[in-house]
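Structural characterization, general
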Amino acid sequence: MASLKDVKIKIGGVAKTKQITKAMYMVASARLRGAQSRIERFRPYAEKFQEILGDLAGKTGETDHPLLAPRAEVKTTGIVLITSDRGLCGGYNVNLIAAALRLAADRRAQGKETLFYCFGRKGRDAVRKLGFPLALEEIGQMNALDFSLANKAGLRLMEDYLGGVLDEVILIYGAFISMARQQPAALPLLPIVPAEASGGEERKIRQGYSYEPQEAALLAEMLPRFIKAQIYRGLLDTSAGEHAARMTAMDNATRNCDELVADLTLLYNKTRQAAITTELIDIVGGVEALKG
Amino acid sequence: MGLRLEIVTPEGTALSCEADYVSVPGTEGVFGVLPGHIPFLSALAADALHYDSGDTTRYVFLSGGFAEVLDDTVTILAESAEEAENIDFARAEAARKRAEERLARKSDDLNETRAQAALTRAVRRLALRGRL
């Protein structure tokens, strides 16, 4: 049986770990609020954008734009992998990376090349370790997201796509469904798949609108911005999901610590009791012996 | 006060106010909006928008985007918007220098168009300094 001192040291250790996991839980929940408010602030832009884009796409029916036209033969798939920079958030990053690797394996099985664009340290490390070709890495930015990152990434991807380096681009990110549910999601980024006409619901019919420049040129102007908006959305969602996942993980860890402390305290008390009993028996035995 | 002006960016609503007159930098030229304007949709150049309300005129720098005019509401969708008084002119100056240097070096075409765009942005931003 462990000595009394050993058990005491262990209880102290677990209690300290609990303090840390509890603090991390608090930090994650504060950051989650920040991330959610960013998503909230992005919404008006995204909605208005979607509205105008849907309207224009419906009007022009254009499919000739190079960002819209699917390539006859896909030789290289660009995989944009968004993960967090830091760990300790349960299986969150592992799931994202696994989704990306499944996609890569699938494309390779079809004889295609893959090229990774990584956001977040965790994904970058995994991709690098496995030796997949890596075209772009953005590390240490997941906690201070702003649109300029999406802007830069969007420009780079479109450059590679239009320059023939890539024939399709797929975005892997963590879809933030709810506090308790985050899921890896794959979104085809390029070529742009026109959204299905949102029929049914009553839309403002934009009759008598004037356009400058012509509708088709205006649409061409919108598409690159659409790509950037999608990347930004992916970044925001992944960041919110990371913090939510970390909150869950740290909450579990804190509870496990509580359990461990309870078990260890029980062990401590039992050990102490056993020691006292042994000593008592010794004393009583000694007294008996003296009585002769 | 016949117009409502909303400037929306991915990082939030940058501006939402009433105005008498809005002048918008479209790609095909600057256009002015007064109450009763026809429904209109335009792409924007990277340049400054200005609006009058009462006696004051204020300037906002936009990095390209779209403007929609509908029912006396001007909605601007821009990837970034900075009000003139918030512009960091030192940074704009540095950006201008950088772009000029890059242009002077004459690397490949792609970088050149990009540097050219950066230069235009910086110069137009700097032009706002005199208007404060």
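A separate point is the overall build of chain B. The helix and strand tally for chain B stands at 2 helices and 8 strands. Split into buried and exposed, the 132 residues of chain B put 45% on the buried side. Within chain B, contacts between residues at least 6 apart in sequence are counted, and of these 50% link residues at least 24 apart. Approximately 6300 Å² of chain B is accessible, and the part contributed by carbon and sulfur atoms is 47%. A gap of 11 Å separates the mean positions of the 15 positive and 22 negative side-chain charges of chain B.

Let us look at the domain arrangement of chain A. All names here are of chain A. According to the domain assignment, chain A contains domain 1 (4-24 + 249-291) and domain 2 (42-248). Each of domain 1 and domain 2 was reduced to a C-alpha centroid, and the two centroids are 53 Å apart. At the junction of the two partners, domain 1 supplies 5 residues and domain 2 supplies 7 residues. Both sides together, the interface formed by domain 1 and domain 2 hides about 440 Å², and carbon and sulfur atoms give 58% of it. Of all residues in domain 1, Met-24, Ala-249 and Met-250 bury the most surface against domain 2, accounting for 84% of the area lost on that side. Applying the counting criterion to the domain 1 and domain 2 interface returns 0 salt bridges.

Moving on to unusual backbone geometry. A cis geometry characterises the amide bond from Leu190(A) onward to Pro191(A), with omega recorded as -10 degrees. Structurally, Pro191(A) can be placed in the loop between strand S5 (181-190) and strand S6 (210-212). Positioned with a positive phi, Leu88(A) is a non-glycine residue whose angle comes to about 55 degrees. Within the fold, Leu88(A) resides in the loop between strand S1 (76-82) and helix H2 (92-109). Taking the relative accessible area as the measure of exposure, Leu88(A) reaches 55% and is therefore exposed. One non-glycine residue, Asp71(B), lies in the positive phi region at around 50 degrees. For Asp71(B), the location among the structural elements is in the loop between strand S6 (56-70) and strand S7 (73-78).

Between chain A and chain B, the contact holds 28 residues from the first and 28 residues from the second. Each partner contributes to the roughly 2400 Å² buried at the junction of chain A and chain B, and carbon and sulfur atoms together form 62% of this total. At the boundary of chain A and chain B, one finds 3 salt bridges. Ionic pairing is found between Arg225(A) and Glu79(B), a salt bridge with its closest N-O pair at 3.6 Å. Counting every contact that joins chain A to chain B gives 5 residue pairs in polar contact (both at pLDDT 80 or more). Elements represented by at least two residues in the side of chain A that touches chain B include exactly helix H1 (4-60), helix H4 (147-162), S6 and helix H5 (215-291) of chain A. When residues in the side of chain A that touches chain B are grouped by element, the largest group, 9 residues, is from H1(A).

Calculation rules
Residues numbered from 1 in each chain as written. Chains lettered and ligands numbered in written order. Predicted model: local features only at pLDDT ≥ 70, side-chain atom pairs only at ≥ 80, totals over all residues. Heavy atoms only, no water. Helix = DSSP H or I, 4+ residues; strand = E, 2+ residues; numbered from the N terminus. Buried < 20%, exposed > 50% of the residue type's maximum accessible area, 1.4 Å probe, protein only. Contact = heavy atoms within 4.5 Å. Areas by Shrake-Rupley, 256 points an atom, 1.4 Å probe, with all protein chains shown as cover. Lys, Arg positive; Asp, Glu negative; His and termini not counted. Charge placed at Lys NZ, Arg CZ, Asp CG, Glu CD. Domains from an automatic or database assignment. Buried area = accessible area lost by both parts, 1.4 Å probe. Salt bridge = Lys/Arg side-chain N within 4 Å of Asp/Glu carboxyl O. Polar contact = N/O pair within 3.5 Å; in protein donor to acceptor, adjacent residues only side chain to side chain.

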